[in-house]
Amino acid sequence: MTESKRNLQSFFITYIIATVFRFNSLDFMHSTDEISIEDQKKWTEIMLQHSFDESDWFNARKALLHLLESNNRIASEDALLSYISCCAEAVGSGYPTPLLTDSVNDFYQQYGMDKSKPKKSIS
């Protein structure tokens, strides 16, 4: 392995560790809404593929959860990640790049979220 490949690999490992740490330190995980280490890694891998900052992703996730809650719906962590990733892909190539949260809100208002489910009523 060449020196530059080792440096690049070291950079990405350091970046992933730092990002996972930021999940915890930026209040990404809540006591009622914990994200597994495996899901945190999935989020990190997707975030690295787009130009949005980590805080944009955190805010977009929070906004989507709020939209689902206001419509009495729930979705899996994979569904949330997939939805926000699609929004990022759809708007990420334009200039100026809109806020990811605004894109999530716009897409949800226009299309809803097929992979969400109604919350079960407690009777």
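Here, the structure is the one placed above.
Residues numbered from 1 in each chain as written. Predicted model: local features only at pLDDT ≥ 70, side-chain atom pairs only at ≥ 80, totals over all residues. Heavy atoms only, no water.

1. Re the nonpolar core
Thought 1: Grouped together as the largest cluster of nonpolar side chains are 21 residues, with contacts concentrated most on Trp57, Leu64, Ile84, Leu100 and Met113.
Thought 2: For this core, the secondary-structure elements that each account for two or more residues are helix H2 (37-47), helix H3 (54-70), helix H4 (77-91) and helix H5 (100-111).
Thought 3: For this core, the element with the highest residue contribution is H4, accounting for 8 residues.
Thought 4: Setting aside residues no more than four positions away along its own chain, tryptophan 57 makes contact with Trp43, Ile46, Met47, His50, Phe52, Ile84, Ser85, Ala88 and Leu100. (Core = buried A, V, L, I, M, F, W, Y, C linked by side-chain atoms within 4.5 Å. Buried < 20%, exposed > 50% of the residue type's maximum accessible area, 1.4 Å probe, protein only. Helix = DSSP H or I, 4+ residues; strand = E, 2+ residues; numbered from the N terminus. Contact = heavy atoms within 4.5 Å.)

2. Let's talk about the pattern of salt bridges
Any two side chains of opposite charge can pair, so long as their charged atoms come close to each other.
Thought 1: A complete count under the given rule lists 5 salt bridges for this structure.
Thought 2: One salt bridge in this structure joins glutamate 38 and lysine 42, with 3.7 Å as the shortest N-O distance. Taken together, the residues span about one helical turn, with glutamate 38 and lysine 42 both in helix H2 at a distance of 4 residues.
Thought 3: In this structure lysine 42 comes out as partly exposed when scored by relative accessible area, which is 27%.
Thought 4: The salt bridge involving aspartate 78 is made with lysine 42; its shortest N-O contact spans 3.1 Å. A residue pair is termed long-range when its members are at least 10 positions apart, and aspartate 78 in helix H4 and lysine 42 in helix H2 qualify at 36 residues.
Thought 5: A single salt-bridge network, built from bridges that share partners, covers Glu38, Asp39, Lys42 and Asp78. (Salt bridge = Lys/Arg side-chain N within 4 Å of Asp/Glu carboxyl O.)

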